[in-house]
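Each chain is listed here by its residues.
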Amino acid sequence: MKEELQLDLQAYLDGELSSKDAREVAARIEIDPEARALHTQMQQTSALLKGNEVDRRLPQTREFFWSQIERQISREEQRGTTSAPWWLEFLRRHVGAVSGVGVAAALVILGAVQLNLVSSDLLEEIDNPLDETTSFSFRSESQKMTVVWIANPSSKKAEDEPDPGEEIVQ
Amino acid sequence: MASKKDYPSMDDVGLFKAAQRGDMQAFEELVARHRDKIYARAFSMMRNEEDAIDLSQEAWVKAWQRLKQFQGESSFLTWMTRIVINLCLDQLRKQKRQRSESIEEMEEESGGVERQMPVVTPNPTEKLERTELRARIDRALGQLSYEHRTVLILHEFEELEYKEIAKRMQCSIGTVMSRLFYARRKMAVLMASYRKEELR
């Protein structure tokens, strides 16, 4: 028997055919013993299954099962309330990506320095011009020396008369 | 003073509405009332106690989170059953992806052994104890591939139409029809073989 007819017989049994197609299949069942036998088999298998699903009981007590659910619900709710607001998530995602690029750039520069790809003239002096800066550094390639000047901006004295601070020589 | 509610005497609709307002005790009563059925559906699909417990538990958590989405188009149990079925289908799909190409798949594509099966009619006059019949059906279901078993469960037990099954199983209606056909034939053969085993 062709597969198409087999599936039509099944669709007829399941009430999934149009009335015209259903009439044609019904007529075929009348005259074709093979089609009739298959239809009967499917009908009886279907009838056997319906309403005869095995009963199963959850192998946990009511209290234990509920406690698991309750715990999971409160965990999910806590996760929901402690999650960051949308704008913080946005910053985290986008600024995070930018800072990633910054780290990558710093690594490239550091690598270039290590490989002497950057002129030593450019590294002669490193200082920080910001007002609130509390430390200044100086590097001399010719002397093979770095000087770091650490000041204490909170001290009144530091504003009027710079404290000699601490000199670190490498 | 707030009156104490008698949850066990309330119907599903009343409990459900109370749960929608955030009443967890009402929800707990719904869980207690239907937990066996939800677990049984998960077990019938997964054939594994551990997975069935985990997925039925997850279904209840999801139901709590989606209570407001339920508009009462069907019964609460039907709605819950749909949730657990979807979770089981997701899990089965994940498991299938993890497996290498199975023999079941190859059989399905070629029509498998069911194509050559003779027509076997389960004997309707055979008087089996209902418990025994159910046990046989369950054993036979356990021997089907998950695609065949799922399509049978959704059609015969959940009474879903081909279109709805196709949507849930993410396949075509033609595939549903083909799977259902071979699943039924295989079930008929398995049921008959159990009978022969017993007669020996």
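As a starting point, this report considers the structure included with it.

Within chain A, the secondary structure is distributed over six helices and three strands. Put simply, chain A runs from its N terminus to its C terminus through helices and strands in the order α-α-α-α-α-β-β-α-β. Classification of the 170 residues of chain A by burial places 21% in the buried group. Carbon and sulfur atoms form 56% of the exposed surface of chain A, whose accessible area is close to 12,300 Å².

All names here are of chain B. Phi at arginine 47 is positive, roughly 55°, even though this residue is not glycine. Turning to its location among the elements, arginine 47 is positioned in the loop between helix H2 (24-46) and helix H3 (49-65). Given the relative accessible area of 24%, arginine 47 is considered partly exposed. Phi at glutamate 159 takes a positive value of approximately 55°, unusual for a residue other than glycine. Following the sequence through the fold, glutamate 159 ends up in the loop between helix H7 (146-157) and helix H8 (162-169).

The next subject is the nonpolar core. Residues B:Phe27 and B:Trp60 are the most contacted members of the largest nonpolar core, which totals 76 residues. Apart from the residues within four sequence positions on either side, B:Trp60 is in contact with A:Phe65, A:Ile69, B:Phe27, B:Leu30, B:Val31, B:His34, B:Arg35, B:Ile38, B:Phe76 and B:Met80.

Here we take up the pattern of salt bridges. Residues and elements named next belong to chain A. Counting across every chain of the model gives 22 salt bridges over all chains. A salt bridge links arginine 28 to aspartate 32, with the nearest nitrogen and oxygen atoms 3.1 Å apart. You can call arginine 28 partly exposed: its relative accessible area is 36%. Relative accessible area serves as the criterion here: at 15%, aspartate 32 is assigned to the buried category.

Attention shifts here to the interface of chain A and chain B. On the side of chain B, 51 residues touch chain A, which itself brings 39 residues to the contact. Between the two partners, chain A and chain B, sit eight salt bridges. Between B:Glu28 and A:Arg62 there is a salt bridge, with the nearest N and O atoms lying 2.9 Å from each other. Taken together, the connections running from chain A to chain B amount to 21 residue pairs in polar contact (both at pLDDT 80 or more). Mapped onto the side of chain A that touches chain B, the elements with two or more residues apiece are helix H1 (3-13), helix H3 (33-49) and helix H4 (62-82) of chain A. Considering only residue class, the side of chain A that touches chain B consists of 15 nonpolar, 12 polar and 12 charged.

This next bit is on the environment of B:Arg168. Residues and elements named next belong to chain B. Assignment of secondary structure puts arginine 168 in helix H8. For arginine 168, a relative accessible area of 15% gives the class buried. Residues arginine 168 and isoleucine 85, 83 residues apart in the sequence, show an inter-C-alpha distance of 8.8 Å. Apart from the residues within four sequence positions on either side, arginine 168 is in contact with Arg82, Asn86, Leu89, Arg93 and Leu160.

Another aspect to go through is the packing of H1(A) against helix H2 (residues 19-31) of chain A. All names here are of chain A. With their axes 10 Å apart at the nearest point, H1 and H2 run at an angle of 110° to one another. With respect to their mutual orientation, H1 and H2 come out roughly perpendicular. Residues Leu5, Asp8, Leu9 and Tyr12 of H1 form the contact with H2, whose participating residues are Ala22, Val25, Ala26, Arg28 and Ile29.

Turning next to the layout of surface pockets. Counted as a void, the largest pocket has a volume near 340 Å³. A:Glu53, B:Lys37, B:Ala40, B:Arg41 and B:Leu77 are, among the 18 residues lining the largest pocket, the residues nearest its centre. Those elements that provide at least two residues to the lining of the largest pocket are H2 and helix H4 (76-98) of chain B. When residues of the lining of the largest pocket are assigned to their parent elements, the largest contribution, five residues, is made by H2(B). The residue makeup of the lining of the largest pocket, split by class, is five nonpolar, five polar and eight charged.

What follows deals with H3(B). Since one α-helical turn is 3.6 residues long, residues separated by three or four positions face the same way. All names here are of chain B. With 17 residues, H3 ought to run about 24 Å at 1.5 Å a step, and its terminal C-alpha atoms sit 25 Å apart, in line with that. Burial in H3 covers these residues: Asp51, Ala52, Ile53, Leu55, Ser56, Gln57, Ala59, Trp60, Val61, Ala63 and Trp64. Where H3 starts, the residue carrying a side-chain oxygen 2.9 Å from the main-chain nitrogen of glutamate 50 turns out to be asparagine 48.

Definitions and cut-offs
Residues numbered from 1 in each chain as written. Chains lettered and ligands numbered in written order. Predicted model: local features only at pLDDT ≥ 70, side-chain atom pairs only at ≥ 80, totals over all residues. Heavy atoms only, no water. Helix = DSSP H or I, 4+ residues; strand = E, 2+ residues; numbered from the N terminus. Buried < 20%, exposed > 50% of the residue type's maximum accessible area, 1.4 Å probe, protein only. Areas by Shrake-Rupley, 256 points an atom, 1.4 Å probe, with all protein chains shown as cover. Core = buried A, V, L, I, M, F, W, Y, C linked by side-chain atoms within 4.5 Å. Contact = heavy atoms within 4.5 Å. Salt bridge = Lys/Arg side-chain N within 4 Å of Asp/Glu carboxyl O. Polar contact = N/O pair within 3.5 Å; in protein donor to acceptor, adjacent residues only side chain to side chain. Nonpolar A, V, L, I, M, F, W, Y, C, P; charged D, E, K, R; others polar. Axes fitted to C-alpha atoms, helices over the stretch in contact; angles between N-to-C directions. Parallel < 35°, antiparallel > 145°, perpendicular 65-115°, else oblique. 1 Å grid on protein atoms, 1.4 Å probe; cavity = no way out; pocket = protein on both sides within 12 Å on 5 of 7 lines; lining within 4 Å. Points joined across faces, edges and corners; volume = space filled by probe spheres on them. Expected span 1.5 Å × (residues − 1).

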